[in-house]
Amino acid sequence: VLPDVDAVTVIWFKLLTQAEKSIMGGYVAFDESTPYDTNMLSVIFNKPPQIINHAIQQFVKFKMIEFDERGFIYITNWEKHQAVDKMTKIKEKLEEK
């Protein structure tokens, strides 16, 4: 069963939110050494793994995301989706603590 467009759209926005939370410049990751896998995203997004897989395949197909050599999801054109200046300032403040 393929998900409807609404489910894929929700997953896209949740991926953007996870990337923002990770403060890793467009990477969707648990931490700097742990990429999210389908099962982790399924739990976090409260969606079945098959829907996550379908959405990920569509995002790769349309070059919205890519995977690096370590298996991390990277949001293509991250700078266009976020205020990079603000994110840099937040990261610097967190590193000061």
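Just so we're clear, the structure is a prediction, and the values are computed from it rather than from any experiment. (Residues numbered from 1 in each chain as written. Predicted model: local features only at pLDDT ≥ 70, side-chain atom pairs only at ≥ 80, totals over all residues. Heavy atoms only, no water.)

Trainee: Give a description of the overall build of the chain that names residues and reports values.
Mentor: A count of helices and strands for the chain gives five helices and four strands. Going from N to C terminus, the chain has its helices and strands arranged as α-β-β-α-α-β-β-α-α. Relative to all contacts within the chain whose residues are 6 or more apart in sequence, the contacts with residues 24 or more apart total 58%. Accessible area for the chain stands at about 6500 Å²; split by element, carbon and sulfur atoms hold 54% of it. (Helix = DSSP H or I, 4+ residues; strand = E, 2+ residues; numbered from the N terminus. Contact = heavy atoms within 4.5 Å. Areas by Shrake-Rupley, 256 points an atom, 1.4 Å probe, with all protein chains shown as cover.)

Trainee: Residues and numbers for the packing of aromatic side chains, please.
Mentor: For any pair of aromatic rings, the description consists of the separation of the ring centres together with the inter-plane angle of the planes. Across all of its chains, the model carries four aromatic pairs by this definition. Members of the aromatic cluster, each reached through a chain of ring pairs, are Tyr27, Phe72 and Tyr74. The cationic tip of Arg70 hangs over the ring face of Tyr27; the distance from NZ or CZ to the ring centre is 6.0 Å. (Phe/Tyr/Trp six-rings, centres within 6.5 Å; stacked < 30°, edge-to-face > 60°. Lys NZ or Arg CZ within 6 Å of the ring centre and 35° of its normal.)

Trainee: Before we move on, could you go through the sheet that holds strand E1 (residues 27-31) and cite the residues and values that matter?
Mentor: Across the sheet, which stays open at both edges, the four strands sit in the order E2-E1-E4-E3 with antiparallel pairing between neighbours. Of all strands in the sheet, those with a lone pairing partner are strand E2 (34-35) and strand E3 (65-67), marking the two edges. In the sheet, E1 pairs with strand E4 (residues 73-75) via two bridges, with the strands oriented antiparallel. Residue Tyr27 lies in a different strand from E4, and its bridge partner there is Tyr74. (Pairing = 2+ DSSP bridges.)

Trainee: I'd like a description of the packing of helix H1 (residues 5-22) against helix H3 (residues 49-61), backed by residues and values.
Mentor: Between H1 and H3, the least distance of the axes is 10 Å, while the angle of their chain directions is 75°. Compared by their axis directions, H1 and H3 come out roughly perpendicular. Between H1 and H3, the contacting residues are Ala7, Val8, Ile11, Trp12 and Leu15 on the first element and Ile51, Ile52, His54, Ala55, Ile56 and Phe59 on the second. (Axes fitted to C-alpha atoms, helices over the stretch in contact; angles between N-to-C directions. Parallel < 35°, antiparallel > 145°, perpendicular 65-115°, else oblique.)

Trainee: Could you give an account of the nonpolar core, naming the residues involved and the relevant values?
Mentor: Membership of the largest hydrophobic core comes to 21 residues, with the highest contact counts inside it found for Leu15, Val28, Leu41, Phe59 and Ile75. Among the elements of the structure, H1, helix H2 (38-45), H3 and E4 are those that each provide at least two residues to this core. Per-element accounting of this core gives the leading share, seven residues, to H1. When sequence neighbours within four positions are dropped, the list of residues in contact with Phe59 reads Val8, Ile11, Trp12, Leu15, Met64 and Ile65. (Core = buried A, V, L, I, M, F, W, Y, C linked by side-chain atoms within 4.5 Å. Buried < 20%, exposed > 50% of the residue type's maximum accessible area, 1.4 Å probe, protein only.)

Trainee: Before we move on, can you summarise the packing of H1 against H2 with the specific residues and values?
Mentor: The relative placement of two packed helices is expressed as an angle between their axes plus a distance between the axes. Closest axis-to-axis distance for the H1/H2 pair is 11 Å, and the angle between their directions is 100°. It follows that H1 is roughly perpendicular to H2 by the angle criterion. Counting all contacts with H1, which are made through Ile11, Lys14, Leu15 and Gln18, the residues of H2 involved are Leu41, Ile44 and Phe45.

Trainee: Account for unusual backbone geometry, with residues named and values stated.
Mentor: Even without being a glycine, Ile23 presents a positive backbone phi close to 50°. Judged by relative accessible area, Ile23 falls into the buried class, the value being 18%. We note that Asn77 has phi near 55°; this positive angle belongs to a residue other than glycine. Accessibility expressed as a relative area gives 41% for Asn77, which makes it partly exposed.

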